[in-house]
Each structure stands twice: as structure tokens, then as C-alpha cells.
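# Structural characterization, general
Below are the chains, spelled out letter by letter.
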Amino acid sequence: MTLATTADHRAIAAGLSFEGRVFIAGRFVAAAGGEMMETVNPATGEAFASVASGQAKDIDRAVAAARTAFRDGAWSRSAPERRKAVLLRLADLIRANAAELAVLESLDSGKPIRDCVKEISIEVPDTLQWYAELIDKSFGKVAPTGEDALALITREPIGVVGVILPWNFPLLMAAWKLGPALASGCSVVVKPAEQTSLSALKLAELAAEAGLPDGVLNIVPGLGETAGRALGLHPDVDAISFTGSTEVGRLFLRYAADSNLKAIGLEMGGKSPFIILDDADLTPELIEHAVTAAFWNGGQNCSANMRQIVARSRQEEFLSLVTERARALVVGDPLDPATDLGPMVTAEHRARVLDFIEMGTGDGARCVLPADPALATRPGSFLGPTVFAELSPGMTIAREEIFGPVLGVLPVDGPEQALTIANDSAYGLHATVFTRDIDRALFMARRLACGTVAINGFTEGDIKTPFGGYRQSGSLARDKGTEAMAQYLQTKTSWISLKSPAIG
Ligand code: NAD
């Protein structure tokens, strides 16, 4: 899909209609009690739609619909070819509606349209397509036994899955979870983040059009402590797949313990390092990766490489190059294809990031690029990039997830010290290493305690590679790749005792 102009995006925005009701059993219906939440455009600070604030009763209705659909078997026991055809149709419908969906996502979240277009016209449908194509290529196993038995090892859908989503990649995170959950035959209840519910509701409409049976996909927008909590505590939900903060992930373990011990898959926060060893060439490509690693999506990214750990001998050169590039980032209207950084998702979130910036200065970090003060005077929750030098590992801004456009440089005296600092974290989601020496690169990759290590380029991999965290960044669950299926399937052994037949 080619990028349109700001005016084209505005025209699409003007023509959008917003569905804000809950989606249960194949229909949009009003939420119990009729409570609504305002949806605010973070670029203007103005409400532009209202969305149902789902209550425990809505979660009950959605789980009941999901259970009925699961038992009925129209999806859970359907032929693999049928599930594949429906998911491929859904992927095509998303491609066909990508322009509207991208504008919707941009208005709702403040994400730059360029990123929304890439995610929604390519990554979201490709994810669904990848899992659709896996459906009729996944086999069970036969265990080795004597002739007196046949032992089958099969995998079955776990049942009703609750999906809890964050606001930073609303539709992409939905696809990472719905692809494998639906491919495996599960029924799903999605609770989108309260800041960004609109694209999930539109997805439900497209799923129905693609032929997904009623009740297999239900969407209940609402507040975390109301709808999210009710889903976590529900006795008839078999598994939860959660993406969000470590703080809330911890609550889901409690919800499981306090209810039916449902399986909990957690993808959570991070404080990821970006390591530049002394032999790395500080090329424009490297600088581009460093800036993307810290500022992509305004730093509102779980794998943001905010801790940039740089060989002391290269620190000043790196700082000057990275600051120059960060200064050139375009902060502005998310609907403008030239925009690199949109606003923070809410004014409260911007205030939280500003508190961290203040703490950094207070703790003695040297601010080499302060956030542009002019942005504070315009409507919306804009915040420009900030770069700090001389971070030390004990500072709050070097330890806690900021989730905003802040890059901090920590100077080190060699790979061992870089590793010690990189691994000295409660988190373990991602790391990047730049070096020309393959032995050093692999040494670092083996020693870094995290789920993804990127060598000589900031990347989260692609749909074929699992994504998830060590330590407090995640549970053993993974999104993406064939590994993601494990969240939605359970393993069954069928042991068949055999007698030798009397032949002849
Ligand atoms: P959050 O934890 O505040 O919210 C996530 C979801 O949990 C939302 O749907 C929210 O409504 C719900 N929730 C909030 N409080 C709840 C409660 N008391 N009970 C039940 N549900 C509740 O996270 P966020 O602010 O939406 O997203 C940012 C976080 O997500 C960051 O920490 C980021 O690192 C993480 N994240 C992780 C990944 C990953 O794959 N590891 C990807 C994206 C974002």
C-alpha cells in the first residue's frame, strides 16, 4: 500500500464511523448498565468517540458465548482446511480495509500513520496468514512402544481464552494472540486497552464477515480493574494471554490462584540494553538503529533499547551523532506521513515520562538533548526526544521502564562490564549488540539474559521467531512463531492397549 498524504488521511478520518458497543456472540450489543468511556485523540486532547465500559456481567455473557461456541464445535472441531480458509479471508479483509484501519488506529493511539500503515497493511494480516497456513501442517506424534500398545500424543485447543491487550500496538498485539488462538480452535474473549479499543471492534466486524462462527471471537472493551479483573477471575476461562505491564501481569497470577488456576501467559515490560563495543563502526546505519531502538513509537515499546551501553572510548562520538539524529526526528501530527513521533498515548502518561526525566536530571545524569519545550504549549500530549549522558546503573531512569522518548548513555570499559550492567535488571526482554567480531557477538548473545538478542541491527525478529521475556519481562509463554501455539493447546496421551490377533 502506498502512503497517502495528510489530507488523504484527514479525509478518511472524516468519513469514519465508530462502533463502540461490546461484541458478543456475533453481534454488537450495549454493555450491561450502559456505561460508556470517552475515546480521546492524543494529538488534540479531544474526545472523538465513545466506547462501552464493559462490566463483569458483560464478561460473563462473553465467556458464556465463547464456551457455547467451543462446545458446539463449529470452530473448535472443524476441519483444519475450514479454519485456514476463514483466517485467510480475514487476512484479506484486513488488507482491503487497511487504509481505514490505519487511520482509526492512528487517531485512537497517536501512533504515526507510517507505522500504522506498515503494521496494519502488512504485519497484522501476514501474522494471521502465517498461523492460518500452519493449521493443516501441524501433526501429532506416536510414542515408541512395544507391539502391545499404540500411544498417540495429540494436542487439543485449551478452550476459552481471555486476551488482554496493551495500547501501544493495539491491532498488532491482537493479531499476535488471535492468530495462534484461533488457529488452534480456541474461542476467545478480548479485553482491549481502555485507551485503544476501536480497532479491535472493527476487527470483530471483519472476522464475522470472514465467516468466523458466532461466539468464537468476543470483544469486551472496558477498564482494567473492572472488565480485565472479571476476565482474570472468571471460573470458566481456561487460559489468559496477557500483554502489558509487569505490575498488572502479577495481578493475573493472583487472579488465577484465586479462581480456577487457569493457565497464564505473560508478555510484560522491559529495560533493554543496546550495547556498542569498541570495535563497532559508528556508521549512519548504526545511529539509525540506536535512534529507532529508543524512540520508535515514542519509546512506548516494551523492547525499547533505552539503556545504550557504549564503550567509553566511543562515547563522545556516539553522543554527538545520536543527538544530531534525534534532534532531526519529526514530532507532530500522527496523520502526516513525515511524522516520526506522535504524542504520548495520554496526558497522564506524558506527565509520568516527564517525572522520569526530572528524576534523571536530579540524579545527576547529563541532559544533552532536552525535550523541546515548545511542544508543551500545543494541544495534545506531545513530547520530543530526550538524550541523557553519564547514566549510572543505579539511577532510577537506568532501572525502571520509562515507556517514553528517552535515551540514556552508560559508558563502559569492555564487554564484561557491558554484560554485567546489561544483565543487572529485573527485566530480560531484549538486547542489541553492535560489534564487528563474530566471536564477541556470539559470546554476548549467549551471556545476555533475555528472550531476544539482536546483533548488528535493532529488530524484534519476524513472525517466524518467538518473542517473550526472561525474568519479570515474561512467563515461559512466547508470542509469534510456532512456540506461540503452546499458549493455546494442551497435550493429550491416548494409550491404546493391543492384543496380538490370532492370524491363520
Ligand atoms: P497495563 O498493564 O497498564 O495494561 C495492560 C492491560 O491490562 C490493559 O488492557 C488494561 O486495561 C489491563 N489492566 C490494567 N489494570 C488491570 C487490572 N487491575 N486487572 C486486570 N486487567 C488490568 O499496560 P499498558 O500501559 O497498556 O501497556 C504498557 C506495558 O505493556 C508496558 O509495560 C510494556 O512494556 C508492556 N508491553 C509488553 C509487550 C511484550 O510483548 N512483552 C508488548 C507491548 C507492551
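Along each chain, numbering runs from 1 in the same order as the chain's sequence is written. Given that this is a predicted model, residues contribute local features only at a pLDDT of at least 70 and side-chain atom pairs are listed and counted only at 80 or more, while totals for whole chains, interfaces and linings are drawn from all residues. The basis for the side-chain values is all heavy atoms of the structure; hydrogens and waters are excluded.

## Focus on the site of the ligand
Near residues are defined by distance, with any heavy atom within 4 Å of the molecule or strand qualifying the residue. Around the ligand, a shell composed of 30 residues is seen, among which Lys191, Glu194, Ser245, Tyr255 and Glu401 lie nearest. At a separation of 2.7 Å, an oxygen atom of the ligand approaches a polar backbone atom of Leu165. Polar contacts, as used here, are pairs of N or O atoms within 3.5 Å; protein pairs need one atom able to donate a hydrogen and one able to accept it. Residues neighboring in sequence count only if both atoms are side-chain atoms. Note that an oxygen atom of the ligand is positioned 2.5 Å from one of the side-chain N or O atoms of Glu194. Protein contacts shield 90% of the accessible area of the ligand, which totals 840 Å² for the unbound molecule. Numbering of helices and strands runs from the N terminus, with a helix taken as a DSSP run of H or I at least four residues long and a strand as a DSSP run of E at least two residues long. Of all the secondary-structure elements, those providing two or more residues to the shell around the ligand are α8 (224–233), β10 (239–243) and α9 (246–258). Residues are sorted three ways: Asp, Glu, Lys and Arg are charged, Ala, Val, Leu, Ile, Met, Phe, Trp, Tyr, Cys and Pro are nonpolar, and all the rest, Gly among them, are polar. Considering only residue class, the shell around the ligand consists of 17 nonpolar, seven polar and six charged. Summarising the domain contributions, the shell around the ligand has at least three residues from each of domain 1 (6–268) and domain 2 (273–455). Each accessible area is a Shrake-Rupley result for a 1.4 Å probe, and residues are judged covered by the shown protein chains and nothing else. Residue ranges for the domains originate in an automatic or database domain assignment.

## A few points about the environment of Gly15
Residue position: Gly15 is located in helix α1 (residues 6–15). Along the chain, Gly15 and Met359 lie 344 residues apart, while their C-alpha atoms are 44 Å from each other.

## Brief notes about the pattern of salt bridges
Should a side-chain nitrogen of Lys or Arg be within 4 Å of a carboxyl oxygen of Asp or Glu, the pair is scored as a salt bridge. Going through the model one piece at a time under the given rule, you end up with 26 salt bridges. The salt bridge involving Lys84 is made with Asp136; its shortest N-O contact spans 3.1 Å. Here Asp136 lies in the loop between α5 (113–135) and β5 (141–143) and Lys84 lies in helix α3 (residues 80–96), a separation of 52 residues in the sequence. Think of it in three bands: residues with accessible area under 20% of the maximum for their type are buried, residues over 50% are exposed, and the middle band is partly exposed, with areas taken using a 1.4 Å probe on protein chains only. Given the relative accessible area of 19%, Lys84 is considered buried. We note a salt bridge from Asp279 to Arg440, for which the minimum N-O separation is 3.4 Å. Taken together, the residues span a long stretch of sequence, with Asp279 in the loop between β12 (273–276) and α10 (284–295) and Arg440 in helix α15 (residues 438–447) at a distance of 161 residues. Residue classification places Arg440 among the partly exposed positions, given a relative accessible area of 22%. Members of the salt-bridge network, linked through shared partners, are Arg67, Asp236 and Asp238.

## Quick word on the UniProt feature "active site" (unreviewed entry) in the chain
The UniProt feature table records "active site" (unreviewed entry) at Glu267. The residue Glu267 is located in strand β11 (residues 263–267) in this model. Among the residues examined, Glu267 registers a relative accessible area of 5% and is labelled buried. UniProt positions are given in the numbering used here, feature names are shortened, and annotations may be inferred rather than shown by experiment.

## Thoughts on unusual backbone geometry
The backbone phi angle of Asn297 is positive, close to 60 degrees, even though this residue is not glycine. Along the chain, Asn297 turns up in the loop between α10 and β13 (307–311). With a phi angle near 70 degrees, Lys480 is a residue other than glycine that sits in the positive phi range. If you trace the backbone, Lys480 turns up in the loop between β18 (452–455) and β19 (489–497).

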